[in-house]
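Coordinate inspection notes
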Amino acid sequence: MFSGKKRTDGSSEVGEGSGPREAAPVSGRGRGGQHQGGRGYNSQSQSGRGYGHPPQQYGGPRGRQPPQQYSGPRGGGPPRGGGRGGSSSAGLPHRQSVPDLHQATPPTYQAVSSQPTQMPDPPAPVQQFEQLSIEQGASSQAIQSIPSSSQIFKFPVRHGRGQFGRKCIVKANHFAVEFPDKDVFHYDVTITPEVTSRGVNRAVMKQLVARHGDEDLGGRLPVYDGRKNLYTAHKLPFDSNEFTIALLDEEAGPVGHKREREFKVVIKLAASVNMYHLGMFLLGQQADAPQEALQALDIVLRELPTSKYTPVGRSFYSRDVVTTKSLGDGLESWRGFYQSIRPTQMGLSLNVDISSTAFIEPRPVTEFVFKLLNRESRSRQPLSDADRVKIKKALRGVKVEVTHQVNMRRKYRISGLSTGTTRELTFPVDERNTQKSVVDYFYETYGLRIQHTQLPCLQVGNSNTPKYLPMEVCEIVGGQRYSKRLNAGQITALLKVTCQRPKNREEDIGKTVGRNDYSNDPYAKAFGIKISESLTSVEARVLPPPWLEYHDSGTERTCRPQVGQWNMMNKKMINGGTVSNWICINFSTQVRDNHARNFCQELAQMCLTSGIEFNREPVLPSFSARPQQVEKDLKTLYHDAMAKVSKGKEIDLLIVILPDNNGSLYGDLKRICETELGIVSQCCLTKHVFNTNGQYLANVALKINVKVGGRNTVLVDALSMKIPLVCDRPTIIFGADVTHPHPGEDSSPSIAAVVASQDWPGITKYAGLVCAQAPRQEIIQDLFKEWKDPQTGVVISGGMIKELLIAFHRSTGHKPLRIIFYRDGVSEGQFHQVLLYELDAIRKACASLEEGYQPPVTFVVVQKRHHTRLFAHNHNDRNSVTRSGNILPGTVVDTSICHPREFDFYLCSHAGIQGTSRPAHYHVLWDENNCSADGLQSLTNNLCYTYARCTRSVSIVPPVYYAHLAAFRARFYVAPGTSDSGSMASGSVARGGGMGGRNTRETNVNAAVRPLPALKDNVKRVMFFC
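Residues numbered from 1 in each chain as written. Predicted model: local features only at pLDDT ≥ 70, side-chain atom pairs only at ≥ 80, totals over all residues. Heavy atoms only, no water.

1. Focus on the overall build of the chain
On a plain count of helices and strands, the chain comes out with 20 helices and 42 strands. Taken across its 1026 residues, the chain has 58% of its residues classed as buried. For the chain, the accessible area works out to roughly 42,800 Å², and carbon and sulfur atoms hold 47% of it. (Helix = DSSP H or I, 4+ residues; strand = E, 2+ residues; numbered from the N terminus. Buried < 20%, exposed > 50% of the residue type's maximum accessible area, 1.4 Å probe, protein only. Areas by Shrake-Rupley, 256 points an atom, 1.4 Å probe, with all protein chains shown as cover.)

2. Topic: empty space enclosed by the protein
The computed volume of the largest cavity comes to approximately 110 Å³. Contributing to the lining of the largest cavity are 17 residues, with N712, T713, T946, Y947 and A948 lying nearest its centre. Class assignment for the residues of the lining of the largest cavity results in nine nonpolar, six polar and two charged. Along the walls of the second largest cavity sit L304, P305, K308, Y309, F337, Q339, N516, Y518 and D521, which together make up its complete lining. Within the residue set of the lining of the second largest cavity, elements represented by two or more residues are α3 (291-308) and β12 (331-344). Among the elements that make up the lining of the second largest cavity, the one with the highest residue count is α3 (three residues). (1 Å grid on protein atoms, 1.4 Å probe; cavity = no way out; pocket = protein on both sides within 12 Å on 5 of 7 lines; lining within 4 Å. Points joined across faces, edges and corners; volume = space filled by probe spheres on them. Nonpolar A, V, L, I, M, F, W, Y, C, P; charged D, E, K, R; others polar.)

3. Remarks on the pattern of salt bridges
Applying the stated criterion to the full structure yields 36 salt bridges. Across the pair E676 and R671 runs a salt bridge, and its minimum N-O distance is 3.3 Å. Relative accessible area serves as the criterion here: at 18%, R671 is assigned to the buried category. Taken together, the shared-partner salt bridges connect E631, K635, D668, R671 and E676 into one network. (Salt bridge = Lys/Arg side-chain N within 4 Å of Asp/Glu carboxyl O.)

4. Here's the deal with the sheet that holds strand β7 (residues 240-248)
Here we have five strands laid out as an open sheet, ordered β5-β6-β4-β8-β7, and antiparallel in their pairing. Single-partner strands in this sheet number two, and they are β5 (223-224) and β7. Across two bridges, β5 lies against strand β6 (residues 229-232) in antiparallel orientation. Its bridge partner being in β6, V223 is matched across the sheet by Y231. (Pairing = 2+ DSSP bridges.)

5. Some points on the packing of aromatic side chains
The description of an aromatic ring pair uses the distance of the two centres, along with the angle that the planes make with each other. This structure, assessed with the given rule, holds 22 aromatic pairs. Plain terms: the ring middles of F905 and Y922 are 5.2 Å apart, the flat faces sit at 20° to each other, and that makes the pair stacked. Here F905 is found in strand β41 (residues 904-908), whereas its partner Y922 is found in strand β42 (residues 920-927), with 17 residues between them in sequence. Classification of F905 as buried rests on a relative accessible area of 0%. Counting every residue linked through ring pairs, the aromatic cluster contains Y766, Y947, Y961, Y962, F1024 and F1025. Here R449 stacks its cationic end above the ring of Y443, 4.4 Å away from the centre of that ring. (Phe/Tyr/Trp six-rings, centres within 6.5 Å; stacked < 30°, edge-to-face > 60°. Lys NZ or Arg CZ within 6 Å of the ring centre and 35° of its normal.)

6. Considerations on unusual backbone geometry
Residue P193 is bonded to the preceding T192 through a cis peptide linkage, with omega at 0°. With respect to the helices, strands and loops of the structure, P193 is situated in the loop between β4 (184-192) and α1 (198-212). The step from W760 to P761 runs through a cis peptide bond, and the omega angle for that step is 10°.

7. Thoughts on helix α12 (residues 665-677)
Among the 13 residues in α12, 11 count as buried, and that is most of the element. Listed as buried for α12 are L665, Y666, G667, L669, K670, R671, I672, C673, E674, T675 and L677. Elements in contact with the buried residues of α12: α11 (630-642), β29 (653-658), β30 (681-685), α14 (694-707), α19 (958-971) and α20 (1017-1020). (Contact = heavy atoms within 4.5 Å.)

8. Comments concerning the nonpolar core
Within the largest apolar cluster, 157 residues are counted, with the highest numbers of intra-cluster contacts made by F734, Y822, Y922 and Y962. The element contributing the most residues to this core is helix α17 (residues 831-849), with 11 residues. Not counting chain neighbours up to four residues away, the residues in contact with F734 comprise V754, V755, A756, I801, L804, L805, I819, I820, F821, Y822 and P959. (Core = buried A, V, L, I, M, F, W, Y, C linked by side-chain atoms within 4.5 Å.)

9. As for the packing of helix α16 (residues 800-812) against α17
α17 packs onto α16 with a crossing angle of 50° between their chain directions and a minimal axis gap of 8 Å. Classified by the angle between their axes, α16 and α17 sit oblique to one another. Two packed elements cross with a definite hand, and for α16 against α17 that hand is right-handed. The residues of α17 that touch α16, namely those facing I801, K802, L805 and I806, are I842, A845, C846, S848 and L849. For the contact of α16 with α17, the class distribution of residues is seven nonpolar, one polar and one charged. (Axes fitted to C-alpha atoms, helices over the stretch in contact; angles between N-to-C directions. Parallel < 35°, antiparallel > 145°, perpendicular 65-115°, else oblique. Left-handed = near helix turned anticlockwise from the far one by under 90°.)

10. Observations concerning the packing of helix α10 (residues 593-610) against α14
It is the contact of α10 with α14, at a shortest axis distance of 9 Å, that shows an interaxial angle of 70°. Relative to α14, the element α10 is oriented roughly perpendicular. For the pair α10 and α14, the crossing hand works out as right-handed. Across the interface between the two elements, F599, E602, L603, M606, C607 and S610 of α10 pack against G694, Y696, L697, A698, V700, A701 and I704 of α14. Of the residues that constitute the contact of α10 with α14, the class distribution is 10 nonpolar, two polar and one charged.

11. A short note on helix α4 (residues 365-373)
The element α4 is extensively covered by neighbouring structure, given that seven of its nine residues are classed as buried. Looking at α4, one finds that the buried residues are V365, T366, F368, V369, F370, L372 and L373. Buried residues in α4 make contact with β12, β13 (347-360), α5 (385-395), β14 (399-402), β18 (456-460) and β20 (474-476). Downstream of α4 by a residue or two, N374 has a phi angle that is positive, lying close to 60°.

12. Looking at the sheet that holds strand β26 (residues 582-586)
Picture the strands of a sheet paired through backbone hydrogen bonds; they go either parallel or antiparallel. In spatial order, the strands read β28-β26-β29-β30; together these four strands make up an open sheet with parallel pairing. At either end of the open sheet lies a strand with only one pairing partner, and these are β28 (623-624) and β30. Direction of pairing for β29 relative to β30: parallel, over a ladder of five bridges. Each residue of the ladder has a partner; that of I657, found in β30, is C684. The strands touched by α11 are β26, β28 and β29; relative to β26, the strand with the most contacts, the crossing angle is about 155°.

13. Structural notes on the pairing of strand β8 (residues 260-273)
Within a regular strand, side chains alternate between the sheet's two faces. Pairing of β4 with β8 involves nine bridges; the strand directions are antiparallel. Bridge pairing in β8 links F185 to S272. Bridge count between β7 and β8: nine bridges; the pairing is antiparallel. Paired with A246 across the two strands is E262, which belongs to β8.

14. Brief notes about the confidence of the model for the chain
Any segment with low pLDDT has predicted coordinates that should not be analysed in fine detail. Mean pLDDT over the chain works out to 83, with 81% of the residues at or above the 70 mark. Within the model, the stretch residues 3-111 combines pLDDT values under 50 with 352 contacts to residues more than four positions away or in other chains. Low pLDDT, under 50, characterises residues 117-151; the predicted model gives this stretch 67 contacts beyond four residues in sequence or across chains. (pLDDT = per-residue confidence, 0-100.)

15. Quick word on the side chain of Q854
Tracing the backbone shows Q854 in the loop between α17 and β38 (857-863). Within the structure, Q854 has its side chain in polar contact with the backbone oxygen of R843 (distance 3.1 Å). (Polar contact = N/O pair within 3.5 Å; in protein donor to acceptor, adjacent residues only side chain to side chain.)

16. Quick notes on the environment of R597
As for its placement among the helices and strands, R597 is situated in helix α10. The class for R597 is partly exposed, based on a relative accessible area of 48%. For R597 and S622, which are 25 residues apart along the polypeptide, the C-alpha to C-alpha distance reads 6.5 Å.

Printed below as a string of structure tokens:
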């Protein structure tokens, strides 16, 4: 229940949180050409009717009834779902019953003063959450219960476009697609024996088409996804047929004498895919996107590039497009392109973008190993255990071919390493178990003397019948993407390769479309598909930056950012924190005590200048410590300092000087400080100690202030009660994110983080909570929890949402009467499931506080892992671009390239410094607050100017940014042995076109996960994750 008084220091007593290391998409109907006599859909309406007008009624193909229900494709292809008639269950909990969603009944509100009000004691918590439902057709969002995937609730529709801001034209890397409305035929493919390789399946199908295409297939040109689905533009002469195909085994047998593998291929008609539904959807007359039609068109356009390039997800790569660049440690970057069909307001579009990724260099395995270990090839130095682990991680799953047999180039996949070295490895040669060494065998059989006998052998084959090959006789097969985690140097090198100014990126995208030559693609021609060769011009608006408020004591009390940035000159923080007791610990051998002391004094002076009450003198002199005994030295310093401070006082801040390359030291330090000692810390690298400048110190002061409970700035409109969707009633803004372990590291949990605003109407101060959950589980499990007290049997409720609601009430004196929930990283295939379970958890958390307490909720997904890019209409117009050539901060698009029906928009809220800016994509999944386009867009843009760690607007709304930081920080809290302290924010798997989200898969969500260590109470109260 709501309880507690408003804290006089404005901070909140609330759960856990953390953060990472410090450093600083006009619809219309037209003919679009006659393809085999069918009416076409294209991106331009002949009448010029815009999306804002009621679309023309489309009656469907003449003389034809609407098609029967289609069960959809099987097997591979783009994931179905995404809230459009089906959904993926990857990474989602298995529940016996699914809760009903219901629309909150909006109470009648009056204007609320920002002053705290005396609240009556709420009734006892509700033990059972009442599930309400409203009938379809109610005045607000129509909601259905969802006992099965066949019943789908609808996402909010777009009530209108935004009008606020200066109108302009931008270009988007979306290319208009025309398609006929005639049937496409879907066939189910079964290949026996079954193989897991799409490449082998495609080779079998290629051979089948070459041998039987003219006769048995009737000259049809099929497209195939490499798994179960095959499509043709015209019906095949049969409904079901079986073929026998002989394929040369490229991975076995002497050169010139390859043995043949025989496959049985059964092709069976599954259904006809009618484009009628897709046309209706694009005209805004059907709510659900027909995934089967989108998948068919997507596979058609992927057929030719799949045969020419190396496919990786939705991208295609080649060594011949651009010269490869070395990334270090045996890796190189390959250039390629991404493409995906997307339904938009202007009709179908093909999203094309430039992409790069890491591939393993084709080279002898020994060379790869020596580059990985940074050793000379002549080295005979034995391997350490750490070296072996590094090699095994890098090579596991890599395909190699042998070189020691003149007429044999057999290929194997590495499964591990031998336990001993090559010189130690022996095997039985007869029934008497006579042993022969690998070294002797290769010399006697092939005349090959193994040089690097200190290296282990490669283990190939399965674990039951392993085979061992010396590294020297193996070469890495070319064209293998490196899917494991890159190190810091490789990431930097890859970013350098991919960093392109907007004008250059736009030109390269245009060249890519020209090189792909879709107009001469035989498969696109066969299916009657036409692709525009020009980027789409899109109506956009530039939202103005908000005014920011600073303290009266500064020369400048207000500030309006220019091109997404400002500075702290002549300004003081609106609420400066207090640092009375502080200490410094130095882990760098390069920094002497006098250097550390001088640096701390300069930092203290900058904090004072910025408005923080900062004691110039530390509790103890700077303490030099050793990284090898971080825990011992930290605790010694802490206890010594606590002995000197006044009774009842705390250490307000720990300043930490770290080596530039500090390995696990940073994470260990944060874990100890925040979960054991209860002290906030500010880390600084050695290079900054010796090269201190005012800008750096000012940025550090910003972070210190929020860590000690202060606020840097607030929106002027917040103080004057003019912020849309916030100021008319107490509003709490949530941000939520989940980070997942890297591929192949499933012993490490996923980390969920939720933050919530703790000031109103200021909305700049946040508290955060984190939790560990099953690996790759996207739904946040701990939003609401119930358990029985083992002694009393009383049901107790809790969870992240409840704690943060209580903290808001304690901090502001108000209970939230509106909830805005920004959720990061959810792919379209998971929209329904995440909304269903997480909204239900929000409902239950509210009901557990007070009977009948159901504040209206707006649930917005924030996506950054997408490939839409926006470019200035005129790159030479200095009034429409930033210094880096990017579009201006505040540019918002809710036309043309956005969803045909639903409430979404792209917002570029930041000024890109390097490369091409990526706009954030905001998609409203639930809206009980009836947000207008202008209201939500302006709120989101304004919030992006309140990020505490810098004086720049940021690319995503700050509560999501903070949740992202908190989740990464909590990775350091994971017990040793269950994590390598690495995590990934998301993958790129998405429904029907790749709007990014998590690369998650189904896991056992009920598996036991070790909980994270609890944060100390005094750390919880502040934004320690900044």
